[in-house]
Amino acid sequence: MSVITDDIQAQWRIVRPLLSIRNENEYDLAIEQLNVLIDEVGDNEEHPLYELLDRLGEAVYAYEEKHYSIRLETTLG
């Protein structure tokens with residue numbers, strides 16, 4: 001493998017769990033990291049981590065829609 005590929009793989013191992021939430025443990029980790037990013041980035045779209053905050057928010061939302069939407073509908077209905 002090339003140095004570039006090795007470097008990307010090393011970085012991906014860090015980032016992937018934040019963008020691919022597959023279970024409750026990964027969800028809890030994502031929520032913790034989302035809160036840290038919100039505190040750091042806020043709504044500053046010029047911040048270097050803003051796009052990560054945005055993508056992580058989308059991943060959390062998708063997980064919640066898939067795993068919690070029925071429970072919310074049941075309690076609301």
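Counting restarts for each chain, with residues numbered from 1 along the sequence as it is written. Whole-chain, interface and lining totals are the exception, using all residues; otherwise, since this is a predicted model, local features are given only for residues with pLDDT of at least 70 and side-chain atom pairs are given and counted only at 80 or more. To obtain the side-chain values, all non-hydrogen atoms of the structure were included, while hydrogens and water were left out.

> Give a detailed account of the overall build of the protein, specifying residues and quantitative values.
Helix and strand counts for the protein come out as three helices and zero strands. Helices and strands in the protein line up, N terminus first, as α-α-α. The buried label goes to any residue with under 20% of its type's maximum accessible area, the exposed label to any with over 50%, and the partly exposed label to all in between, with areas taken from a 1.4 Å probe on protein chains only. Counting all 77 residues of the protein, 22% fall into the buried class. A total of about 6000 Å² of accessible surface is found on the protein, and carbon and sulfur atoms cover 55% of it. Comment: elements are numbered from the N terminus, with helices defined as DSSP H or I runs of at least four residues and strands as E runs of at least two. Using the Shrake-Rupley algorithm and a 1.4 Å probe, accessible areas are obtained, with residue cover drawn only from the displayed protein chains.

> I'd like a description of the pattern of salt bridges, backed by residues and values.
Note on definitions: salt bridges are taken to be side-chain nitrogens of Lys or Arg within 4 Å of carboxyl oxygens of Asp or Glu. Tallied over the entire structure, the rule returns five salt bridges. Salt-bridge contacts for arginine 16 lead to glutamate 26; the nearest nitrogen and oxygen are separated by 3.9 Å. Separated by 10 residues along the polypeptide, arginine 16 in helix 1 (residues 3-19) and glutamate 26 in helix 2 (residues 24-41) bring together distant segments of the chain. A salt bridge links arginine 55 to aspartate 54; the shortest N-O distance between them is 2.8 Å. For arginine 55, a relative accessible area of 35% translates into the label partly exposed.

> Outline the side chain of glutamate 26, supporting the account with residue identities and numerical values.
Residue glutamate 26 is classed as buried on the basis of its relative accessible area, which comes to 12%. When residues no more than four places from it in sequence are discounted, the contact partners of glutamate 26 are Arg16, Ser20 and Ile21. Contact definition: two residues touch when any of their heavy atoms are within 4.5 Å.

> How would you sum up the nonpolar core? Please name residues and give values.
The term nonpolar core refers to a set of buried residues drawn from Ala, Val, Leu, Ile, Met, Phe, Trp, Tyr and Cys, joined through side-chain atoms within 4.5 Å. Counting 13 residues, the largest nonpolar core has Ile21, Tyr27, Leu56 and Val60 as the members making the most contacts within it. Among the secondary structure elements, those contributing two or more residues to this core are helix 2 and helix 3 (50-76). No other element matches helix 3, which puts six residues into this core. In this view, leucine 56 contacts Leu18, Leu19, Ala30, Gln33, Leu34 and Leu37; residues no more than four positions away in its chain are not counted.

> Lay out the side chain of histidine 47 in plain terms, naming residues and giving numbers.
Tracing the sequence through the fold places histidine 47 in the loop between helix 2 and helix 3. If sequence neighbours within four positions are ignored, histidine 47 has contacts with Glu40 and Val41.

> Which residues make up the confidence of the model for the protein, and what values go with them?
Here the protein shows a mean pLDDT of 86. Residues at 70 or above account for 87%. Confidence, read as mean pLDDT per element, is least for helix 1 in the protein (82) and greatest for helix 2 (94). On a scale of 0 to 100, pLDDT captures the predictor's confidence in every residue.

> Explain helix 2 to me, using residue names and the numbers behind them.
Helix span is expected to be 1.5 Å times the residue number reduced by one. For helix 2, which comprises 18 residues, the first-to-last C-alpha distance of 25 Å matches the rise-based estimate of 26 Å (1.5 Å per residue) to within 8%. Listed as buried for helix 2 are Glu26, Tyr27, Ala30, Leu34, Leu37 and Val41. When helix 2 is viewed along its axis, its buried side chains cluster within an angular range of 95 degrees and face the same direction. For helix 2, the exposed residues lying more than 90 degrees away from the buried face are Asn25 and Asp39. Any N or O atom pair separated by 3.5 Å or less is treated as a polar contact, with the protein-specific requirement of one donor-capable and one acceptor-capable atom, and with residues adjacent in sequence counted only for side-chain atom pairs. The N-capping residue of helix 2, defined by a side-chain oxygen 3.1 Å from the backbone nitrogen of asparagine 25, is asparagine 23. Each C-beta atom gives one direction from the helix axis, and the arc is the one those directions make.

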